[in-house]
Amino acid sequence: IVNTSSALGCFGAPNSAAYIIAKAALLGLTRAASLDNADRNIRVNTLAPVAVTPLSASYFAKVLPHVDQTRLDAGNVTPAVLYLLSEECSLNGETIAVGGGRMARIFTATAPGYRPGKLEAEEIPDHLDQIMSTEGFEILRSSAEQYRFL
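Residue positions are counted from 1 within each chain, in the order its sequence is given. Given that the model is predicted, a residue must reach a pLDDT of at least 70 before its local features are reported, and side-chain atom pairs must reach 80 or more before they are shown or counted; all residues, however, enter totals for whole chains, interfaces and linings. In computing side-chain values, all of the structure's heavy atoms are included and hydrogens and water are not.

Engineer: Can you break down the overall build of the protein residue by residue, with the values?
Structural biologist: A run of H or I in DSSP counts as a helix once it spans at least four residues, and a run of E counts as a strand once it spans at least two, with each numbered from the N terminus. The secondary structure content of the protein amounts to 5 helices and 4 strands. In the protein, the order of α-helices and β-strands from amino to carboxyl end is β-α-α-β-α-α-β-β-α. Here the C-alpha atoms of the protein give a radius of gyration of 19 Å, more than 25% beyond the 15 Å that 2.2 N^0.38 yields for 150 residues. Referenced to the eigenvectors of the C-alpha coordinate spread, the extents of the protein come out at roughly 55 × 45 × 25 Å. Taking all 150 residues of the protein together, the buried fraction comes to 28%. Should any heavy atoms of two residues lie within 4.5 Å, those residues are considered in contact. Contacts in the protein between residues at least 24 apart in sequence constitute 59% of all its contacts with a sequence separation of at least 6. Note on areas: these come from Shrake-Rupley sampling with a 1.4 Å probe, and a residue is covered only by the protein chains present in the view. Approximately 9,900 Å² of the protein is accessible, and the part contributed by carbon and sulfur atoms is 58%. Radius of gyration means the value over C-alpha atoms here, while the globule rule gives 2.2 Å times the residue count to the 0.38 power. Burial classes: relative accessible area under 20% of the type maximum marks a residue as buried, over 50% as exposed, and values in between as partly exposed (1.4 Å probe, protein chains only).

If you want it as structure tokens, here you go:
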């Protein structure tokens, strides 16, 4: 199964809340369905294509006028879709960006953060750098894996 999201669903954008909510929901659906079917030969991934379509042409022209739209032909996304649907594909529960000659993983990760044992609101500002640090980040397979950080 290949769900179609968007970079906006992964990273956000101004003035697009309804679209972003719908596309972001597909990320959660993909992860849940991939875990629900882990014991079957059913793989579920999300594609976040970057392509100029009749609906996106004005967006690219307005927001990203420096981007060469000829590189963003929707046909350039097809090889990624074919791979994700093939028997060769071992990916499951992943989000893949594709467009403009680039294919890359998009992921959500977590890091060790700050662990005082008992968190107090007053100490958060003093440890914000540690809380927000991406050093030592890990990509978790499911939410249950986060509990080992406790």
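There is more to say after this.
Engineer: Would you mind going over the sheet that holds strand E4 (residues 102-106) in detail, with residue names and values included?
Structural biologist: Pairing in this open sheet of 4 strands is mixed, and the strands run E1-E2-E3-E4 from one edge to the other. This sheet does not close on itself; its edge strands, each paired only once, are strand E1 (2-4) and E4. Direction aside, the axes of adjacent strands within the sheet are offset by 30° on average. A pair of strands counts as paired when DSSP detects no fewer than two bridges linking them. Here strand E2 (residues 45-49) pairs with strand E3 (residues 95-99) via 4 bridges, running parallel. Bridge pairing in E3 links Thr-46 to Thr-95. Lying over the sheet, helix H2 (residues 17-36) contacts E1, E2 and E3, oriented at roughly 160° with respect to E1. Helix axes use the C-alpha atoms of the stretch in contact, all axes being lines fitted to C-alpha atoms, and the angles between their N-to-C directions lie in the range 0 to 180 degrees.

Engineer: A description of the side chain of Thr-30 should follow, citing residues and the corresponding values.
Structural biologist: By the secondary structure assignment, Thr-30 is in helix H2. The residues touching Thr-30, leaving out its near neighbours within four places in the chain, are Asn-3, Val-44, Asn-45, Thr-46, Gly-93 and Glu-94.

Engineer: Describe the side chain of Lys-23, listing the residues and the values that go with them.
Structural biologist: With respect to the helices and strands, Lys-23 occurs in helix H2. Two residue types count as positive, namely Lys and Arg, and two as negative, namely Asp and Glu; His and chain ends fall outside the count. For salt bridges, the criterion is a side-chain nitrogen of Lys or Arg within 4 Å of an Asp or Glu carboxyl oxygen. Lacking a salt bridge, the buried Lys-23 has Asp-73 as its closest oppositely charged neighbour, with an N-O distance of 18 Å.

Engineer: Quick one: what's the story with the pairing of E3, residue by residue and with numbers?
Structural biologist: Most of E3 sits inside the fold, with 5 of its 5 residues counted as buried. Of the pairings in the sheet, the one linking E3 to E4 comprises 5 bridges and is antiparallel in character. By the bridge assignment for E4, Gly-99 is matched with Arg-102. Counted between consecutive antiparallel strands, the loop separating E3 from E4 contains 2 residues, among which Gly-100 sits at a positive phi close to 65°.

Engineer: Describe the environment of Lys-118, with residues and values.
Structural biologist: With respect to the helices, strands and loops of the structure, Lys-118 is situated in the loop between E4 and helix H5 (128-132). Pairs of N or O atoms within 3.5 Å make up the polar contacts considered here, provided that, within protein, one atom can donate a hydrogen while the other can accept it, and that residues adjacent in sequence are counted only when both atoms are side-chain atoms. Among the polar contacts made by the side chain of Lys-118, one reaches the side chain of Glu-120 at a distance of 3.0 Å.

Engineer: Give me the state of the cysteines: which residues, what numbers.
Structural biologist: In this description, the term disulfide denotes a pair of cysteine sulfurs within 2.5 Å. This model, assessed by the stated rule, comprises 0 disulfides. Between Cys-10, a free cysteine, and Cys-89, which holds the nearest cysteine sulfur, the sulfur-to-sulfur gap is 17 Å. Classification of Cys-10 by relative accessible area gives partly exposed; the value is 23%.

Engineer: Could you give an account of the packing of aromatic side chains, naming the residues involved and the relevant values?
Structural biologist: When we look at a pair of aromatic rings, we describe it by the centre distance and by the angle of the planes. Side-chain rings of Phe, Tyr and Trp (the six-membered ring for Trp) are treated as a pair once their centres are within 6.5 Å; stacked means planes under 30 degrees apart, edge-to-face means over 60, and tilted covers the remaining angles. Going through the model one piece at a time under the given rule, you end up with 2 aromatic pairs. Here Tyr-59 and Phe-60 contribute two aromatic rings whose centre-to-centre distance is 5.7 Å and whose plane-to-plane angle is 80°, an arrangement assigned as edge-to-face. We classify Tyr-59 as partly exposed; its relative accessible area is 33%. For Phe-60, a relative accessible area of 8% puts it in the buried group.

So, to be careful, I would describe these as geometric facts and stop short of saying anything about function.
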